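# Working through the structure, step by step
Each chain is listed here by its residues.
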Amino acid sequence: RPAAANQIPSKYIHRLTEIQGFSDPQKEEYFRKRIRDQHQASRVISHIKAARSLHIMCYIPVFCWISATVLQSITKQDHCAEVPKTLTEMYIHFLIIQTNVRNQKYDEKDERDPRTLLQSNRGVIVKLSELAFKQLMRGNIMFYDEDLRECGIDVTEASVYSGICTEIFKEEYVIYRRKVYCFIHLSFQEFLAAFYVFYSYVSTTSDALKVFDLLHNLHKGVLDKALKNENGRMDLFVRFLLGISLESNQRLLQGLLTHTEDSSESIKETIKYIKDKIKEWKNTLSAERSINLFLCLLEMNDQTLQREILEFLKSDEHSEKELSAAHCSAIAYILQISEEALDELDLKEYNTSEEGRRRLIPAVRNCRKAVLADCNITDQCCETVASALQLSDSPLRELDLSNNDLRDSGVKLLSTGLMSPNCQLQILRLSGCMVTQEGCSHLASALSSNSSHLRELDLSYNDPGDSGVKLLSERRSHPNCKLEILNLDHGGHFRITPGLHKYTCNLTLDINTANNHLSLSEGGKKATRVEEELPYSDHPERFDCFEQVLCRESLSERHYWEAEWSARGAGLSVMYKGIQRTGSDCRFGLNEMSWSLVCFDNKYSAWHSNKRTNLLAPSPSSNRVGVYLDWPAGKLSFYSVSDTHTLIHLHTYHATFTEPLYAGVRLYPDSSVSLC
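Cut-off values and rules
Residues numbered from 1 in each chain as written. Predicted model: local features only at pLDDT ≥ 70, side-chain atom pairs only at ≥ 80, totals over all residues. Heavy atoms only, no water. Helix = DSSP H or I, 4+ residues; strand = E, 2+ residues; numbered from the N terminus. Contact = heavy atoms within 4.5 Å. Domains from an automatic or database assignment. Buried area = accessible area lost by both parts, 1.4 Å probe. Salt bridge = Lys/Arg side-chain N within 4 Å of Asp/Glu carboxyl O. Polar contact = N/O pair within 3.5 Å; in protein donor to acceptor, adjacent residues only side chain to side chain. Nonpolar A, V, L, I, M, F, W, Y, C, P; charged D, E, K, R; others polar. Phe/Tyr/Trp six-rings, centres within 6.5 Å; stacked < 30°, edge-to-face > 60°. Buried < 20%, exposed > 50% of the residue type's maximum accessible area, 1.4 Å probe, protein only. Disulfide = S-S within 2.5 Å. Axes fitted to C-alpha atoms, helices over the stretch in contact; angles between N-to-C directions. Parallel < 35°, antiparallel > 145°, perpendicular 65-115°, else oblique.

### Digging into the side chain of Ser672
- With respect to the helices, strands and loops of the structure, Ser672 is situated in strand β21 (residues 672–675).
- Apart from the residues within four sequence positions on either side, Ser672 is in contact with Lys526, Ala527, Thr528, Glu564, Trp565, Ser566 and Leu667.

Rendered as structure tokens:
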């Protein structure tokens, strides 16, 4: 875990390997192998999937083992028994079960009453809990004889103590045969440490002091300490402490606690405190801490904030209110654990940064339609999407990844998900994703697999080559292929260009539309505003009131071009050819037939139908603007182009275009514009 890895100085690390744990199919495979009775295994799997936060935790193999142990025991004893729904409940039941294992092994007793069972073992469990707490605070997960003695554990009986909770506390030998001890997993150390803190509070705090709500203050202090910990070392500890504080969980631990504490009011205050903290996300909390606060609420059986977020997502607020990257991480998590799948996840609808949109991607695991187009998603993000396609109950039916530079490597990862027997995807859009013949080969393999449900595949604006086109076209006749629509239009080698430049078009200014105060040069690539009136011939398409000019080429697909101005600025527009040429209504942006971006004295504004939208000036400032038109999608975007050719988004129009558009420019005094 990061908490352990961060203790190693970076200068000693030359290679990093991430152990990712179980995938969703592997979780189910584990339960079916661990539990021989397949009917019982199916019940356990169904419960784990229903409790989404537990299902996510099962990526940790040891948690799968703990869950299997607990749920198998409970369902075997009583088919109607209430099964654990939270992490704390699961670990309490595990403690009870393993303590009974100790009794059967050493005392040859099978004690069915949890209270009696825990009461008879209270001494050693409390001592182990004290050890767990002290060593957790010191950052230790391995302990020695002196650590045991500090907590009153007789080292001469250490082997017996290690057997008291056979699967909880292990004794091992290392170099020089010095005994070393550890808990079965760090998470169980954190659970026992949290129990020790609550046990100490219940046992040592007088009733007179409890009038001052010390339990809430204890919660508050531990939460504040955990939030300051960057590596998440106390995240599980605080969740366990809050969970143990619930009266229902105290009753499960009655054999260990001297009495149960009336904690309802303290819990309410703690829930309110956590919600107030969550409101401070933007400036104070990382994504990981934000998510852990959500999990703390779930551990206290409070789902009000989860419901509020789901309502927030159903409203239009998420497209208006600015969301930080931390917001997006938490939202993605809530969407994943929601019992109801989201109808559509469109990343562009969220008012956030590119990083924020990337953090939303894991939510594809629980949505029916995912629109991830034009979000600078790389091939690495495809692994997350491919994992979602392999879920046994994946609701994803439509996926749009267009206008992302996924390349063949990203398509290869996606194809792995497409070939999964669990994949139910029917529509896949990979338009403008820099896919070549190699990527087509991966997709062709997926199309012919037994599990393929794809009915529509969009590979337009890529470079499949003749071999790729032939391969995919022939694959449609394969008996397993269900593909009905295959789009390979607008292909070519020039499409293998990063970013929007794959849609670059060649535009020339039309002298028949140029106002008499505009001089065209450089083969129709440059327009300069001049004082004298030029002797152009009369033409019905010429603008007579404003210094404007149109380009010759009609635009009705995807197109990208750039323009650079000198002096104070210019207006860049697209419009229908039928725009008026005379009178005040012909000015670009003042009518319903044109959409404009005005750049003047480093001030930017968008104009359409005589309505003005002021825009933030880009930093650093630039005299070059990129224009991207996706005519079929009804989208027109303007970008500031920096000296390093980085695109900074300025504004996007959304409209239903009904006829071809034409690019145009408007010039200010002493200025010129060049088409790049």
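### Points about the domain arrangement of the chain
- Domain annotation for the chain reports domain 1 (2–85), domain 2 (372–497) and domain 3 (500–675).
- On the domain 3 side, the residues contacting the eleven residues of domain 2 number eight residues.
- Regarding the contact of domain 2 and domain 3, the summed buried area is about 850 Å², with carbon and sulfur atoms giving 39% of it.
- Three residues, Asp374, Asn403 and Tyr461, lead the burial of domain 2 against domain 3; their summed loss comes to 52% of the area buried on that side.
- For the pair domain 2 and domain 3, the interface holds two salt bridges.
- A salt bridge links Lys502 to Asp405; the shortest N-O distance between them is 3.0 Å.
- Taken together, the links from domain 2 to domain 3 amount to ten residue pairs in polar contact (both at pLDDT 80 or more).
- Taken together, the residues that form the side of domain 2 that touches domain 3 break down as three nonpolar, five polar and three charged.

### Quick word on the packing of aromatic side chains
- The final tally for this structure, using the stated rule, is 22 aromatic pairs.
- Here Tyr91 and Phe188 contribute two aromatic rings whose centre-to-centre distance is 5.6 Å and whose plane-to-plane angle is 25°, an arrangement assigned as stacked. Here Tyr91 is found in helix α6 (residues 87–107), whereas its partner Phe188 is found in helix α11 (residues 186–204), with 97 residues between them in sequence. Here the two residues Tyr91 and Phe188 agree in accessibility, since each one is buried.
- Between Phe143 and Phe183 the ring centres are 5.6 Å apart and the planes differ by 65°, which places this aromatic pair in the edge-to-face class. With Phe143 in the loop between α8 (122–137) and α9 (145–150) and Phe183 in strand β2 (residues 179–183), this pair connects stretches of sequence that are 40 residues apart.

### A short note on the state of the cysteines
- All chains considered together, the criterion is met by zero disulfides.
- No disulfide involves Cys423; its nearest neighbouring cysteine sulfur is the one of Cys367, lying 13 Å away.

### Considerations on the packing of helix α19 (residues 304–314) against helix α21 (residues 325–337)
- The contact between α19 and α21 brings their axes to 10 Å, and the two run at 100°. In terms of orientation, α19 and α21 fall into the roughly perpendicular class. Across the interface between the two elements, Gln306, Ile309, Leu310, Phe312 and Leu313 from α19 touch Ile331, Ile334, Leu335 and Ile337 from α21.
- Split into classes, the residues belonging to the contact of α19 with α21 amount to eight nonpolar, one polar and no charged.

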